[in-house]
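Here is what each chain is made of, one letter per residue.
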Amino acid sequence: MNLSVQLGSLRMQNPVTVASGTFGYGAEYAQLLDLNQLGAVTVKGIRLNPVRGNPTPRTAEVTSGMLNAIGLQGPGVDGFIEKYWPFLRTLAVPTIINIWGTSVEEYAEVARRFDALGGVGALELNVSCPNIKEGGAQFGTDVALLRQVVAACRAATRLPLITKLSPNVPNIAPFARAAAEAGSDALAVTNSVPAMAIDAETRRPRLANVTGGLTGPCIKPIALKLVWEAAKAVQIPIIGMGGIQSATDAIEFLIAGATAIAVGTANFYEPQTAFHVLAGLQEYMERHRMTDVRELTGSLRVGA
Amino acid sequence: MIEQTVQILAHERVADQYFRLVLRAPEIAPLVQPGQFAHVRVLPLKEALLRRPFSIFQANGDTFSILYKRVGKGTEALAQMEPGEPLSVIAPLGNGFAVPPRGSETPLLVAGGYGMAAMYLLAKRSPQKGVVFVGGRRAVDILCVEDFRALGWEVRITTEDGSLGEKGLVTQPLQAELQRAAAGSRLYACGPTPMLRAVSRLAEQFSVPAELSMDEHMCCGVGVCLACVIRVKSGESWEYQRSCTEGPVFDARQIVWEGQS
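Given the structure is predicted, the values throughout are model-derived calculations rather than measurements. (Residues numbered from 1 in each chain as written. Chains lettered and ligands numbered in written order. Predicted model: local features only at pLDDT ≥ 70, side-chain atom pairs only at ≥ 80, totals over all residues.)

### A look at the overall build of chain A
As a reminder, the rule being used: Here a strand is any run of E in DSSP of at least two residues, a helix any run of H or I of at least four, and the numbering for each starts at the N terminus. Radius of gyration: C-alpha atoms only; globule rule: 2.2 Å multiplied by the number of residues to the exponent 0.38. Using C-beta atoms placed from the backbone, we call a residue buried if 20 or more other C-beta atoms fall within 10 Å of its own, exposed if 12 or fewer do, and partly exposed for counts in between.
Per the secondary structure count, chain A includes 10 helices and 16 strands. Computed over the C-alpha atoms, the radius of gyration of chain A is 18 Å, within 12% of the 19 Å expected from 2.2 N^0.38 for a compact globule of 304 residues. Dimensions along the principal axes, computed over C-alpha positions, put chain A at roughly 50 × 50 × 40 Å. Buried residues in chain A amount to 59% of all 304 residues.

Following this line, the structure appears as C-alpha cells:
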C-alpha cells in the first residue's frame, strides 16, 4: 500500500501533517507522540522578528469549535533557529515552516533565511491569519498582492512553497491560480474563518481582540468546499485542512481534491488524532481495495 | 506528562456545587507534584471539544483526585459521570509549587474557595507545618478544612458574609499575621485573580517571597497553542509566558499585572 505523497519536491511518507499553530514547534508533543510517524511536522508561524502576540483572553470555546486570536506570538527567525531548530532537524520527517511578514520584502527575507538554514522541508506562506493588524490576511484577500508575495518568495528560495489560502474570499479560484502561476508548489486550504463570540451577561466580547478565527469541526463543510473549488482551479497539490478529527473527515478532504491533509484544532483536545487518522485511512483503503492513497485525491463522484 | 484514558473510582458531591472525583491512574499518580494539574477530556461532551484543566487535589498510591465546582457545561457534564466510566486525561502538567525544604521559611498558604484543593499536596509534603488562610463567599465555599487540620496545619477561615470564621476577605488575617511575624515566612496562593493580586501586594509590602498559581483561559494544556499566557517580567520589559508550561505557579515578583507596564 502506498501512502506517500509528493508536494513539489517535498516528499511525505504519508499524507498526514498538522496545521500550523496547533502543534507548537514539535518538541512540545514529543513526550506524547512519535513525531516520526507523521508525514511532516508543520510549525507555528514565524516572521523576521519576535512577536509578543495579542492580550488575553486569546481563545473561546464555541459550539463544535473554538475561536482564537493569538496574534502569531513567536520567537522570530533567529529565536526559532536557536531554540527550536536543533530539535526539529533531528526528526526523520520533514519540517514545514509557516512564515509571514508585514511586507512583501519581509516574506522574501524570511524565505531567504530559511533557505540558507538548510534541511527545511518546505515553507508555508501564511497569507491568511485574521488576527494581526498588518500582514497576514491582507496578502490573502488581494489577488495582486498574493501574486507579489508568492513571486518574491519564489525568487528567494528553492524550497518547496505552500501557499496557505484564506477562506475569507468570495471565490477562491483566482487566488489558487495566482499562487500557482507565481510559483507556489502547493496550496494549503484553508485557514481559520473570521468570527466572534459575545458574553451576553457582561456584553463583552469573549476575545480581547474582539474578533478571531473560527476553527474545529464546525468549519469542515466550508473547508471541504474550498478544497474542491481550489482543486478544480489548479493542477498543483493541495493540503486540505479545517476541522479534521477523524479518518473519515480526512478521507473526505482527499476525495474533494486534497493530496495531503492537516489535523489542526483536534490536536488540542486529542493529541493522538493524526495517528488515528493515519490508521483509519489505511483501514479504509484496505476495505475499498485501494493500493495507492493518490487514487483518492479528487475522486468525488458528482452527478449520475 | 502522560495521556491516558482512566477510570472513575469514586465521585461524590462534597457540598453545594462542589464535587470530588477520584481516578485510578497508576502511571500518573506517582508523578504528581504539588500545584500541578490534569487536563481532562469529558467524553460525553460532544459539542464542547476542549479539555478542562483541574488542579490535582490528592495523589495516593495509584489514584489521584480533583475537587471541582460545577460552573459551566464542562463541569455540568462531568458531574453527571459515574464510577466505572472512562475519562481521558493528560497529566501531570505544569510547574507547581516549590516544596519548602526542612528548616526554611514557614509556609503560609492562601486559598480562595476551591483553590484549597491545589494546595493540599504542598501542605502534605512540606516538612514544615504552617498556616492555611482560606476565604470564600459563604460557609459552603470553604472546603477541605479537616483535610488540612488532619495534616497538623492551622486553618484560619474568612467568609465574605460572615457565615463561618472571620467576616471579610482572606487577606485580612493574612495581613495581620504578616504584621505580627513576616520575617521567615513564605506565601503560596491559589484563588481568583483579584485575591492573587492582593497577596502579591502584601508580599511586596512585607518583603516576603510568594508563589502564585495563576489562572488564564487554557486550551491545549501542553504549551503549543499559546492561549493561556501571563505577562511576566523580562529584562526591562515583559513577555508572555504560558501558564500551562512555565506556570501555573509563578514567583509573584515576576508577574506584570493588568494596568502595569
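### Remarks on the environment of Gly24(A)
Residue and element names in this part refer to chain A. The topology assignment puts Gly24 in the loop between β3 (16-18) and β4 (41-46). Residue classification places Gly24 among the buried positions, given that 23 C-beta atoms sit within 10 Å. Sequence separation between Gly24 and Val43 is 19 residues; the distance between their C-alpha atoms is 5.8 Å.

### Focus: the domain arrangement of chain B
All names here are of chain B. Stated formally: Boundary definitions for the domains trace back to an automatic or database domain assignment. Each residue is represented by a C-beta atom placed from its backbone, and any two residues with such atoms within 7 Å are regarded as in contact. Each residue is assigned to one class: nonpolar for Ala, Val, Leu, Ile, Met, Phe, Trp, Tyr, Cys and Pro, charged for Asp, Glu, Lys and Arg, and polar for all the others, Gly among them.
According to the domain assignment, chain B contains domain 1 (2-93), domain 2 (97-213) and domain 3 (217-261). Computed over C-alpha atoms, the centres of domain 1 and domain 3 are 24 Å apart. Contact residues are listed per partner, giving eight residues for domain 1 and seven residues for domain 3. Contributions of two or more residues to the side of domain 1 that touches domain 3 are made by β3 (37-41) and β6 (86-93). Residues of the side of domain 1 that touches domain 3, tallied by class, amount to five nonpolar, two polar and one charged.

### Structural notes on the interface of chain A and chain B
The partner chain B presents 21 residues to the 24 residues of chain A that form the contact. Residue assignment for the side of chain A that touches chain B shows that the elements contributing at least two residues are β5 (59-62), β6 (65-68) and α9 (266-269) of chain A. Taken together, the residues of the side of chain A that touches chain B sort by class into nine nonpolar, 11 polar and four charged.

### A word on helix α5 (residues 143-156) of chain A
Residues and elements named next belong to chain A. Spelled out, the test is: Take the residue count of a helix, subtract one, and multiply by 1.5 Å to get its expected span.
An ideal rise of 1.5 Å per residue puts 20 Å on 14 residues; α5 measures up with 20 Å between its terminal C-alpha atoms. Of all the residues in α5, the buried ones are Leu146, Arg147, Val149, Val150, Ala152, Cys153 and Ala156. Buried residues along α5 sit against α3 (104-117), β8 (122-126), α4 (137-140), β9 (161-165) and α6 (173-181).

### Brief notes about the pairing of strand β4 (residues 52-60) of chain B
Residues and elements named next belong to chain B. We apply this condition: Paired strands, as defined in this entry, are two strands with at least two bridges between them according to DSSP.
Of all the nine residues making up β4, seven are buried; the element is thus mostly covered by neighbouring parts of the structure. With four bridges joining them, β3 and β4 adopt antiparallel strand pairing. Along β4, the bridge assignment pairs Ala38 with Phe54. As defined by bridge partners, β4 adjoins strand β5 (residues 63-69) across three bridges and the pair is classed as antiparallel.

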